[in-house]
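Take a look at the letters that make up each chain.
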Amino acid sequence: MSTDCIFCKIAAGEIPATVVYRDELVTAFRDIHPVAPTHILVIPNKHIPSTNDLSEADQPLMGHLLGVVPKIAAQEGVVQSGYRLIVNTGPDANQVVMHFHLHIIGGQRMKYPMG
Ligand code: AMP
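The paragraphs below set out a description of the structure included in this document.

Quick notes on the rules
- Here the residue index of a chain counts from 1 through its sequence in written order.
- Local features in this predicted model are restricted to residues of pLDDT 70 or higher, and side-chain atom pairs are both shown and tallied only at a pLDDT of 80 or more, whereas totals for entire chains, interfaces and linings draw on every residue.
- Only hydrogens and water are removed before side-chain values are computed, so all heavy atoms of the structure are retained for them.
- The definitions used throughout rest on a 1 Å grid laid over the protein atoms alone, on which a cavity is an enclosed set of points accommodating a 1.4 Å probe that cannot get out and a pocket is an open set flanked by protein within 12 Å on both sides along at least five of seven lines; lining residues are those having an atom within 4 Å of a point.
- Grid points are joined across faces, edges and corners, and a volume is the space filled by probe spheres set on the points.
- Labels follow the DSSP assignment, with helices taken as runs of H or I lasting at least four residues and strands as runs of E lasting at least two, numbered in each case from the N terminus.
- We call Asp, Glu, Lys and Arg charged. Ala, Val, Leu, Ile, Met, Phe, Trp, Tyr, Cys and Pro are nonpolar, and the rest, Gly among them, are polar.
- Consider each residue's heavy atoms; a residue with any of them within 4 Å of a molecule or strand counts as near.
- The Shrake-Rupley method, run with a 1.4 Å probe sphere, supplies the accessible areas, and residue values consider only the shown protein chains as cover.
- For this analysis, a molecule is said to be in a pocket or cavity if more than half of its atoms are within 2 Å of the grid points defining it.
- The term salt bridge refers to a pairing of a side-chain nitrogen on Lys or Arg with a carboxyl oxygen on Asp or Glu at a separation within 4 Å.
- The cut-offs for exposure are 20% and 50% of the maximum accessible area for each residue type, with area from a 1.4 Å probe on protein chains only; residues under the lower value are buried, those over the upper are exposed, and the others partly exposed.
- At least two bridges found by DSSP between two strands is the condition for calling them paired.
- To get an axis, fit a line to the C-alpha atoms, keeping to the stretch in contact for a helix; angles then go from 0 to 180 degrees between the N-to-C directions.

On to the layout of surface pockets, then. When its volume is computed, the largest pocket comes out at roughly 830 Å³. Along the walls of the largest pocket sit 34 residues, with Asp-31, His-33, Val-35, His-39 and His-103 positioned nearest its centre. Every element with two or more residues in the lining of the largest pocket is listed here: helix H1 (6-11), strand E2 (26-30), strand E3 (38-44), strand E4 (83-86) and strand E5 (102-106). Here the lining of the largest pocket is composed, by residue class, of 19 nonpolar, 10 polar and five charged.

Structural data, given as structure tokens:
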């Protein structure tokens, strides 16, 4: 855990968030500034700053993180309608919180093309 990381504190239950899924490896909670009717962030409970910091040892964790997405999508009622997964990494992607997080965005038709 990184003591100055807001998402570590959410994973540890030290600051409030609307948690929609939690297990020993990952936590999912509603984004505080949703950009669509469904906007969930899924994070590893372990502090990993960004995609660039993933190690080979993190592969089972990241597989698990992706694996919980359909369960959360089902809870949110967007399995059939679809949803977008986004992982912002670094400045050009506007990554603001330096704790790896996967955005699940859905509940409305997404804009296309991306970028
Ligand atoms: P980004 O780093 O650009 O991929 O996005 C960070 C996301 O975290 C933004 O969509 C914020 O609205 C969201 N966020 C920041 N602080 C909180 C918080 N305390 N609870 C929930 N979502 C948050």
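Turning to the site of the ligand, a few remarks are in order. With respect to spatial proximity, 16 residues lie near the ligand, and among them Asp-31, Asn-94, Val-96, His-101 and His-103 are the closest. Expressed as a share of its isolated accessible area of 510 Å², the protein-covered part of the ligand is 83%. At a threshold of 2 Å from the grid points, most atoms of the ligand map onto the largest pocket. Listing elements by their share of the shell around the ligand, those giving two or more residues are H1 and E2. Tallying contributions element by element places H1 first for the shell around the ligand, with three residues. Taken together, the residues of the shell around the ligand break down into eight nonpolar, six polar and two charged.

Attention shifts here to the pattern of salt bridges. In the structure shown here, the tally under the stated rule is two salt bridges. Residue Glu-76 is joined to Arg-30 by a salt bridge in which the shortest nitrogen-to-oxygen separation is 3.0 Å. Here the residue Glu-76 occupies a position in helix H3 (residues 69-76), and Arg-30 occupies one in strand E2, the gap between them amounting to 46 residues. Under the relative-accessibility criterion, Glu-76 is labelled buried at 18%.

Strand order in the open sheet made by the five strands is E1-E2-E3-E5-E4, with antiparallel pairing throughout. Only two strands of the sheet have a single neighbouring strand rather than two, namely strand E1 (19-22) and E4. Strand-to-strand twist in this sheet, taken as the mean axis angle between neighbours without regard to direction, amounts to 20 degrees. In terms of strand pairing, E4 meets E5 through four bridges, oriented antiparallel.

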